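Structural characterization, general
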Amino acid sequence: MKDTSFLIRNAAAIMTGLPGAQARHPGPDLRVANGVISAIGRLLPEPGERVVDATDCVIYPSWVNTHHHLFQSLLKGDPGGINLSLTPWLGATPYRYRPKFDEDLFRVAVRIGLVELVRSGCGTVADHNYLYYPGMPYDTSAILFEEAEALGLRFILCRGGATQTRQLEADLPASLRAETLEGYLADMERLVQRYHDPAPDAMRRIVMAPTTALYSMSPAQLRETAAVARKLGIRLHSHLSETVEYQNAAHASHGCRPVEFVGEHGWLGPDVWFAHLVKLDPEEINLLGRTGTGIAHCPQSNGRLGSGIAPIRELEAAGVPVSIGVDGAASNEAADMISETHAAWLLQRARVGQQAQAAHRGGSFEGGADAASVEDVVRWGTTGGARVLGLEALDGLRPGCAADLAIWSLDDPRYFGLHDPAIGPVASGGRPRLRNLFVGGRMIVEDDYIPGVDIWRLASQARAATARLMGS
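Residues numbered from 1 in each chain as written. Predicted model: local features only at pLDDT ≥ 70, side-chain atom pairs only at ≥ 80, totals over all residues. Heavy atoms only, no water.

- Per an unreviewed UniProt entry, the chain goes by Cytosine/adenosine deaminase and derives from Noviherbaspirillum humi.
- Its UniProt record gives the chain the following Sequence similarities (unreviewed entry) comment, quoted word for word: "Belongs to the metallo-dependent hydrolases superfamily. ATZ/TRZ family." (UniProt positions renumbered as here; feature names shortened; annotations may be inferred.)

**Some points on the overall build of the chain**
- When you go through the chain residue by residue, the secondary structure sums to 15 helices and 18 strands.
- Relative to its length of 472 residues, the chain is compact, with a C-alpha radius of gyration of 22 Å against a globular reference of 23 Å.
- If you take every contact in the chain between residues at least 6 apart in sequence, the share linking residues at least 24 apart comes to 75%.
- Summed over its atoms, the accessible surface of the chain is roughly 18400 Å², and 51% of this surface lies on carbon and sulfur atoms. (Helix = DSSP H or I, 4+ residues; strand = E, 2+ residues; numbered from the N terminus. Rg over C-alpha atoms; globule rule 2.2 N^0.38 Å. Contact = heavy atoms within 4.5 Å. Areas by Shrake-Rupley, 256 points an atom, 1.4 Å probe, with all protein chains shown as cover.)

**As for the sheet that holds strand E16 (residues 405-409)**
- Taken in spatial order, the six strands line up as E3-E2-E7-E16-E17-E18 in an open sheet, and their pairing is mixed. Looking at the sheet topology across the chains shown, the edges are occupied by strand E3 (24-25) and strand E18 (442-446).
- For strand E2 (residues 13-15) and strand E7 (residues 57-61), the ladder comprises two bridges, and the chain directions are parallel. Following the sheet pairing, Ala13 is matched in E7 by Val58. (Pairing = 2+ DSSP bridges.)

**Digging into helix H13 (residues 374-389)**
- The end-to-end C-alpha distance of H13 is 22 Å, a good match for the 22 Å that 16 residues give at a rise of 1.5 Å each.
- The sharpest bend along H13 comes to roughly 40°, located at Trp380.
- Across the 16 residues that make up H13, a large majority, 14, are buried.
- The positive-phi residue at the C-terminal boundary of H13 is Gly390, with phi of around 75°. (Expected span 1.5 Å × (residues − 1). Bend = angle between axes of the 7 residues up to and from the residue. Buried < 20%, exposed > 50% of the residue type's maximum accessible area, 1.4 Å probe, protein only.)

**Here we look at the pairing of E16**
- With five of its five residues buried, E16 lies for the most part within the structure.
- Along E16, one buried face is formed by Leu405, Ile407 and Ser409 and the opposite face, lined by Ala406 and Trp408, is buried too.
- Bridging between E7 and E16 involves five bridges; their strand directions are antiparallel. From the neighbouring strand, Cys57 faces E16, where its bridge partner is Ser409.

**Things to note about the side chain of Asp78**
- With respect to the helices and strands, Asp78 occurs in the loop between strand E8 (63-68) and helix H1 (86-92).
- Within polar-contact distance, the side chain of Asp78 engages the side chain of Arg96 at 3.1 Å.
- Excluding its chain neighbours within four sequence positions, the residues that come into contact with Asp78 are Ala92, Thr93, Arg96 and Tyr97. (Polar contact = N/O pair within 3.5 Å; in protein donor to acceptor, adjacent residues only side chain to side chain.)

**Let's talk about the pattern of salt bridges**
- According to the stated counting rule, one finds 28 salt bridges in the structure shown.
- Of the charged contacts, one joins Glu375 and Arg24 as a salt bridge, the two residues approaching to 2.9 Å between their closest N and O atoms. In this pair, Glu375 is assigned in helix H13 and Arg24 in strand E3, connecting sequence segments 351 residues apart.
- Taking the relative accessible area as the measure of exposure, Arg24 reaches 34% and is therefore partly exposed.
- Arg257 is paired through a salt bridge with Asp281; the nearest N and O atoms lie 2.8 Å apart. With Arg257 in the loop between helix H7 (244-254) and helix H8 (258-264) and Asp281 in the loop between strand E13 (272-276) and helix H9 (282-291), the pair connects residues that are 24 residues apart, well separated along the chain. (Salt bridge = Lys/Arg side-chain N within 4 Å of Asp/Glu carboxyl O.)

Below, the structure is given as structure tokens:
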């Protein structure tokens with residue numbers, strides 16, 4: 001559908017992504033005018049208006065994925081790393097295969113990851129790409145934007161990279177060698193000039209994102225990147241406190257906690273968000289909250305690597321903006337937003353329930369079933385993501401906001417018998433059939449089909465690419 005004005009009728013339920021009593025709207029109809037939601041309620045078609053039938057379907061905002069590594073889409077289930085925790089896994093899988101990527105393999109990986117996300121109802125993707133090195137013969141940044149544009153997605157490039165390594169450069173293949181700070185910042189300026197759009201409904205953004213704040217740059221360089229980012233008017237992103245090794249490293253090298261370290265170098269504030277934040281002291285949670293620094297919560301990757309469960313309930317209570325990211329498929333194996341939000345819903349409950357103690361040991365509660373509602377998770381995965389990315393136009397399903405929304409058909413037996421259809425996509429898991437997906441009012445999925453995408457051809461390309469990686 002090229003027309004960005006239409007009427008959606010007869011939805012069984014509408015989740016808005018908004019907080020509190022606004023989390024649901026009775027609908028059952030929603031009107032879009034020129035890519036913007038103009039009305040929700042009981043509406044009648046206007047003369048000549050296109051109508052989209054949502055009978056027995058539920059409407060969600062499209063998901064906003066705030067942390068991914070799309071190149072890892074060809075690294076799922078690597079036997080060499082499947083049972084390793086983060087630090088040994090990095091060497092066993094992503095860094096072992098990284099030198100084997102060329103332009104064709106990178107493009108196939110990106111396409112797989114983006115198609116996987118689209119099929120889970122995701123309309124906005126922030127990719128933390130760190131596949132850069134001096135003298136690189138192809139432009140990974142351009143490929144990412146090209147592939148996202150071909151699918152009609154909003155795309156935020158978190159430009160990763162490192163100016164230092166934990167090995168001698170002479171021992172590394174070219175594709176693992178560090179960049180200079182001058183080269184890194186020069187490319188950041190190039191990318192901002194070419195792609196960055198500061199508009200609240202931007203389709204393209206650039207983010208300053210050294211791969212790992214604690215390891216990838218010196219403290220002075222970290223401070224300089226923060227200053228340059230703010231001069232350029234862009235946001236900041238990195239990994240932090242994923243495992244106890246971050247605590248060990250910060251204490252050993254800097255005599256402080258990880259969050260304190262980044263704060264001393266300009267890396268806290270409402271224009272900053274970090275992936276993971278699993279291992280935090282109470283003082284760090286308070287510091288993140290006071291500064292309005294956000295989180296990309298990645299529950300499946302954190303579980304798969306045995307890192308733990310981020311304290312989302314405590315973080316949000318402290319004032320931390322919460323969003324959800326799928327992380328790389330090499331530490332996830334199912335890098336889509338439906339399975340990620342399902343995991344977020346379950347694991348926050350499990351985390352609180354794990355803390356329960358018997359009454360004779362001083363316990364006062366049985367479990368953690370109130371730790372996260374489906375409405376909470378929808379908010380984190382949609383408007384929460386828009387908030388950390390600064391996309392103010394994606395502020396839920398309400399008049400005046402961009403028409404980024406998914407229509408889900410719960411016609412699989414997995415969803416039969418639901419008393420409350422609204423919670424189905426998150427609570428029941430699986431993958432409901434995606435009746436439609438709209439981004440800015442443009443239809444990019446219709447009847448579970450992505451125009452221009454041959455899934456069987458993509459599967460064949462994926463098999464060939466995986467065989468190349470494993471055999472090379």
